[in-house]
Amino acid sequence: MGCGNSMQAHQEMGKSERSLKAALLIQKWYRRYRARLEARRRCTWKIFQSIEYAGEQDQLKLYNFFNNLMQTVGSDDNKSKYILQSSNEDLQGECKSKDSPDDSFTDMEVEEDYEGPHLTFPLTLDQVEAMMEAFKEGHTLHARYVLNVLAETEKVMRTKKNINRATTAISKQITVCGDLHGKIEDLYLVFYKNGPPSPGNPYIFNGDYVDRGMHSVEIAIILFCFFLLYPNEVYLNRGNHEDYVLNLRYGFLKEVQMKYGAKRSYAQRIIAQFQDLFAWLPLATLIDSKILICHGGISDKTDLTFLDNMPRNKYMSVLKPPLREGAEELTGDEEDLSLKIDLSEWRQILDVLWSDPRSQDGCQPNTFRGGGSYFGPDVTKKVLAKHGLDLLIRSHECKADGFEFTHGEKVLTVFSASNYYEEGSNRGAYIKFGTDLKPHCVQYQTSQNSSKKLSMRQRVSIVEESALRNLREKIGANTTALRQAFQKYDPNNTGYITTTNWAHTMEEILELSLPWRTLKPRMTRTNEEGMVEYESCLELELTYSGQGGGVSVTETIYRNKNALETIFRVMDKDHSGSISMDEFQDACQLLSKHIGSNIPPETVKDMAQSIDINKDGNIDFNEFLEAFRLTDTQGLKMEDQTASSTNSTAHLTNGENNKL
């Protein structure tokens, strides 16, 4: 009996041990599986972020080009100055803020067939809730109500200081939200999980309400309405995208034109009112004088006392130093002092809206974005100690988990737009504070019904493929330069180069700091010796080859499509969504003046009529883009001259911007 029991116990122990080993083996396999997925996700993340920041740099270069153009051409004669100012008045964003909000909407009639929400002022919570439900059903708020909300919001905003003061003493809590970027589903989800704003549930929204998403107008209106309901419990900070120049490229102007430009052409009035209101948004918020919330960050020059007492509304765009009015009436010393004050104000705003933290000590120009500063842990420690603060909360950067602590948990980044790059690319988050001022991070992620049943591997694969598609488009826009660079490492025309040379070339030409060795298997073919077949990563077909094997016209368009769309919106001064013949002729006279080529008005008129394919008297964007596909020799020469002039000017002004 004893022997049998002992043998049975030994066998049972063997089964338990085998089960344990199997469980450990499965656990190790699963951890490796998750680690590989995480590595792919991080690599994908790096692609999305690098391309995004490269686009911001391109936008700043284009803006600097137009400013350089204004200074170069505008001083020649009054006529060219007039043309330039009229063509670029909106791009400059330097017009003075109005003395009072625009109330010209009072003459607008709400049509009988209008099926959207109705508003009366002063607003009630029931009206705002009904409006939000109408937005869920796809309704658009009438232009009259939009302008009314913007005007009423501006009236109250004018009474606010540059730095809001919030407290947890009354409500015992407060919530901080980061970038929303037109993603209304995330806003609704935050309100569902955390409750809508109210006297007992205050909120701080940290900028970047607009651009990139499809519902920027609706998000802005919802937040402004809650601000009107609870002006002492809803705090709205300005972000770097509450700026007309970025709205030209990243979708907000296009959204307004699409929603309000067709029927009665209200788009121009709405855009102008948004532009003015954005300049009145406060720059930061303090919670109980211990936590600073601003959109971008700080620099070694940040001074909250100085920031709190400047005229913020005169900086309608913060992407360049302001032009000082009346400088000709100042003496030399007065002019120097005025310039110093203006530059100090501008720099303070630029830093709080555009800066990013980094792990190294010190403070340097933010060359990755092209604006603001990189600030290190020592800068954070110094600024927080100077003002008696415990924590800096900022947004401005998409984070995979929706939030991230840096600088010894003294800097907290919060980003509230989930699925920012692609469905499943990131979570959103908001930060909850109680009276102890300890941050509690709440994560979430909206999802479409079609993606709810996908496995983690399937989700990662979808996001990864989207990132690689964006990267291939970037490669396709630089095919000629890449091929020429590859061939320098292949003097015998074997078609193969080393992995090191391939990775170096990709990073140098595309100016994207990516893990190219990790990406190589997904983008190229290799031989048995591990050499890279470099043509295999250039297989995106582009047509309409240039003369003599040069850059194709289609490739040039592909590379500059975003810039061309921005230029198109600059020409479209009335924001109608199309360029009139007069607008096109003014812009052409401006450009011909800059490149030193006198184009007769008759030629410009004939050119405009030829671009107007459907002969409706206006040029839409598709017609404008198609005009760049002309491949005759003269057209290519003009294109090369213009591109050379643009590139040299952009390079110069970008260098100046980085110095600043």
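Above this text sits the structure in question.
The residue numbers shown here count from 1 along each chain, following its written sequence. Local features are withheld for residues below a pLDDT of 70 in this predicted model, meaning they are given only at 70 or higher, and side-chain atom pairs are given and counted only at 80 or more; totals for whole chains, interfaces and linings count all residues. Water and hydrogen atoms play no part in the side-chain values, which are based on all heavy atoms of the structure.

1. A closer look at the nonpolar core
Part 1 of the argument: What we call a nonpolar core is a set of buried Ala, Val, Leu, Ile, Met, Phe, Trp, Tyr and Cys residues that are connected through their side-chain atoms within 4.5 Å. Exposure is judged per residue with a 1.4 Å probe applied to protein chains only, and the accessible area is read against the type maximum: over 50% gives exposed, under 20% gives buried, and values in between give partly exposed. Counting residues in hydrophobic clusters, the biggest one holds 61 residues, and the most contacted among them are Leu141, Phe205, Ile222 and Leu236.
Part 2 of the argument: Comment: elements are numbered from the N terminus, with helices defined as DSSP H or I runs of at least four residues and strands as E runs of at least two. Ranked by residue count, the leading element in this core is helix H6 (residues 216-229), at 11 residues.
Part 3 of the argument: It only takes one pair of heavy atoms within 4.5 Å for two residues to be counted as in contact. With residues near it in sequence (within four places) discarded, leucine 141 still touches Tyr114, Pro117, Leu119, Met131, Phe135, Val146, Ile221 and Tyr260.
Part 4 of the argument: Among the nonpolar cores identified, the runner-up in size contains 30 residues, and Ala54, Tyr421, Ile497 and Leu510 belong to it.

2. Details of the packing of aromatic side chains
For any two aromatic rings, the description comes down to two numbers: the centre-to-centre distance and the angle of the planes.
Part 1 of the argument: By convention, a stacked pair of Phe, Tyr or Trp rings (six-membered ring in the case of Trp) has centres within 6.5 Å and planes under 30 degrees apart, an edge-to-face pair has planes over 60 apart, and any other such pair is tilted. Per the stated rule, a full pass over the model turns up 13 aromatic pairs.
Part 2 of the argument: Centroid distance phenylalanine 403 to phenylalanine 405: 6.4 Å. Interplanar angle 80 degrees. Geometry classified as edge-to-face.
Part 3 of the argument: Feature note: the residues Phe191, Tyr203, Phe205 and Phe226 constitute an aromatic cluster, connected by ring pairs.
Part 4 of the argument: By definition here, charges over rings are those cases where NZ of Lys or CZ of Arg is within 6 Å of the ring centre and within 35 degrees of the ring normal. Here the guanidinium or amino end of lysine 136 rests over the ring plane of tyrosine 188, the centre of that ring lying 4.9 Å away.
Part 5 of the argument: Over the face of the ring belonging to tyrosine 250 we find arginine 212, whose NZ or CZ atom lies 4.5 Å from the ring centre.

3. Describing empty space enclosed by the protein
Part 1 of the argument: Cavities and pockets were defined on a 1 Å grid built over protein atoms only: a cavity is a set of grid points that admits a 1.4 Å probe from which the probe cannot escape, a pocket is an open set flanked by protein on both sides within 12 Å along at least five of seven lines, and lining residues are those with an atom within 4 Å of any such point. Grid points are joined across faces, edges and corners, and a volume is the space filled by probe spheres set on the points. As enumerated under the stated definition, the model contains 2 cavities of 30 Å³ or more in all.
Part 2 of the argument: Within this model, the second largest cavity holds a volume of roughly 50 Å³.
Part 3 of the argument: Glu52, Glu56, His181, Arg212 and His396 are the residues nearest the centre of the second largest cavity, which is lined by 13 residues in total.
Part 4 of the argument: Partitioning the lining of the second largest cavity into residue classes produces 3 nonpolar, 4 polar and 6 charged. Think of it as three bins: nonpolar holds Ala, Val, Leu, Ile, Met, Phe, Trp, Tyr, Cys and Pro, charged holds Asp, Glu, Lys and Arg, and polar takes everything else, Gly as well.

4. So, the sheet that holds strand E16 (residues 525-526)
Part 1 of the argument: Strand pairing is assigned whenever DSSP detects at least two bridges linking the two strands. Pairing within the open sheet is antiparallel, and its 3 strands lie in the order E15-E17-E16. At either end of the open sheet lies a strand with only one pairing partner, and these are strand E15 (496-497) and E16.
Part 2 of the argument: Pairing between E16 and strand E17 (residues 532-533): 2 bridges, direction antiparallel. Bridging from a neighbouring strand, arginine 525 pairs with glutamate 533 of E17.

5. Side note on the packing of helix H5 (residues 184-194) against H6
Part 1 of the argument: All axes here are fitted lines through C-alpha atoms, helices being fitted over the stretch that makes contact, and every angle between N-to-C directions spans 0 to 180 degrees. At a minimum axis distance of 9 Å, the contact between H5 and H6 shows a crossing angle of 35 degrees. Where H5 crosses over H6, the two elements pack in a sense that is left-handed. In contact with Ile184, Leu187, Tyr188 and Phe191 of H5, H6 contributes Glu218, Ile219, Ile222, Leu223 and Phe226.
Part 2 of the argument: Residues belonging to the contact of H5 with H6 are distributed by class as follows: 8 nonpolar, no polar and 1 charged. In this scheme the handedness of a crossing depends on how the near helix is turned from the far one: anticlockwise by less than a right angle means left-handed, clockwise means right-handed.

6. Topic: the pattern of salt bridges
Pairs can form between side chains of opposite charge once their charged atoms are near each other.
Part 1 of the argument: Salt-bridge detection follows one rule: a side-chain nitrogen of Lys or Arg within 4 Å of a carboxyl oxygen of Asp or Glu. For the structure shown, the criterion picks out 17 salt bridges.
Part 2 of the argument: We note a salt bridge from glutamate 397 to arginine 394, for which the minimum N-O separation is 2.6 Å. Both residues of the pair, glutamate 397 and arginine 394, belong to the buried class.
Part 3 of the argument: The closest approach of N and O atoms between glutamate 404 and lysine 399, which form a salt bridge, is 2.9 Å.
Part 4 of the argument: We classify glutamate 404 as partly exposed; its relative accessible area is 32%.
Part 5 of the argument: Residue lysine 399 is classed as buried on the basis of its relative accessible area of 11%.
Part 6 of the argument: Because the salt bridges share partners, they merge into one network encompassing Asp356, Arg369, Arg394, Glu397, Lys399 and Glu404.

7. Concerning the pairing of strand E13 (residues 428-434)
Part 1 of the argument: Extensive coverage of E13 is indicated by the burial of 6 of its 7 residues.
Part 2 of the argument: Across 5 bridges, strand E2 (residues 173-177) lies against E13 in antiparallel orientation. Within the sheet, the bridge partner assigned to cysteine 177 lies in E13 and is tyrosine 430.
Part 3 of the argument: Counted between consecutive antiparallel strands, the loop separating E13 from strand E14 (residues 440-444) contains 5 residues, among which leucine 437 sits at a positive phi close to 60 degrees.

8. Side note on the pairing of E14
Part 1 of the argument: With 5 bridges joining them, E13 and E14 adopt antiparallel strand pairing. Residue pairing in the sheet places alanine 429 in a bridge with glutamine 443 of E14.

9. Quick look at the side chain of asparagine 478
Part 1 of the argument: Position of asparagine 478 relative to the elements: it lies in the loop between helix H13 (456-476) and helix H14 (479-488).
Part 2 of the argument: You can call asparagine 478 buried: its relative accessible area is 13%.
Part 3 of the argument: A 3.5 Å cut-off defines polar contacts: any pair of N or O atoms within that distance qualifies, except that in protein one atom must be a possible hydrogen donor and the other a possible acceptor, and neighbouring residues in sequence count only when both atoms are side-chain atoms. Here the side chain of asparagine 478 touches lysine 474 through a polar contact of 2.9 Å, landing on its backbone oxygen.

10. Some points on the packing of H14 against helix H15 (residues 499-510)
Between two packed helices, the angle of one axis relative to the other and the distance separating the axes together describe the packing.
Part 1 of the argument: Two elements in contact, H14 and H15, have axes whose closest approach is 10 Å; the angle formed by their N-to-C orientations is 145 degrees. Crossing hand, H14 versus H15: right-handed. Residues Ala481, Leu482, Ala485 and Phe486 of H14 form the contact with H15, whose participating residues are Trp502, Thr505, Met506, Ile509 and Leu510.
Part 2 of the argument: Across the contact of H14 with H15, the residue classes tally to 8 nonpolar, 1 polar and no charged.

11. Observations concerning helix H9 (residues 267-280)
Each α-helix turn comprises 3.6 residues. Residues three or four places apart therefore point the same way.
Part 1 of the argument: What a helix should span is 1.5 Å times the count of its residues minus one. Taking 1.5 Å per residue, 14 residues should reach 20 Å; H9 reaches 20 Å between its end C-alpha atoms and fits that length.
Part 2 of the argument: Counting buried positions along H9 yields 11 of 14 residues, so the element is predominantly enclosed.
Part 3 of the argument: Three or more residues of H9 are buried, namely Ala267, Ile270, Ile271, Gln273, Phe274, Gln275, Asp276, Leu277, Phe278, Ala279 and Trp280.
Part 4 of the argument: Elements in contact with the buried residues of H9: helix H4 (143-157), H6, helix H7 (244-250) and helix H8 (252-260).

12. Let's talk about the environment of glutamate 133
Part 1 of the argument: Relative to the assigned elements, glutamate 133 resides in helix H3 (residues 125-136).
Part 2 of the argument: On the accessibility criterion, glutamate 133 (41% relative accessible area) is partly exposed.
Part 3 of the argument: Remark: the alpha-carbon pair of glutamate 133 and proline 117, spanning 16 residues in sequence, is separated by 8.9 Å.

13. Examining the sheet that holds strand E3 (residues 203-205)
Part 1 of the argument: Judged by pairing direction, the sheet is mixed, and its 5 strands sit side by side in the order E4-E3-E2-E13-E14 without closing on themselves. Unpaired on one side and paired on the other, strand E4 (234-236) and E14 mark the two borders of the sheet. Across the sheet, the mean angle from the axis of one strand to that of its neighbour is 20 degrees, orientation sign disregarded.
Part 2 of the argument: Relative to E14, H5 is tilted by about 125 degrees, and along the sheet it contacts E2, E3, E13 and E14.

14. Re helix H12 (residues 377-386)
Part 1 of the argument: Within the span of H12, buried status applies to Val379, Thr380, Val383 and Leu384. Here the buried residues of H12 occupy an arc of 120 degrees about the axis, which is enough to place them on one side. With respect to the buried face of H12, the exposed residues turned more than 90 degrees away are Lys381, Lys382, Ala385 and Lys386.
Part 2 of the argument: For H12, the secondary structure elements touched by its buried residues are strand E8 (363-365), strand E9 (373-375), strand E10 (391-394) and strand E12 (411-414).
Part 3 of the argument: Positioned one or two residues after H12, glycine 388 has a phi angle of 65 degrees, which is positive. Note that the arc is computed from the directions linking the helix axis to the C-beta atoms.

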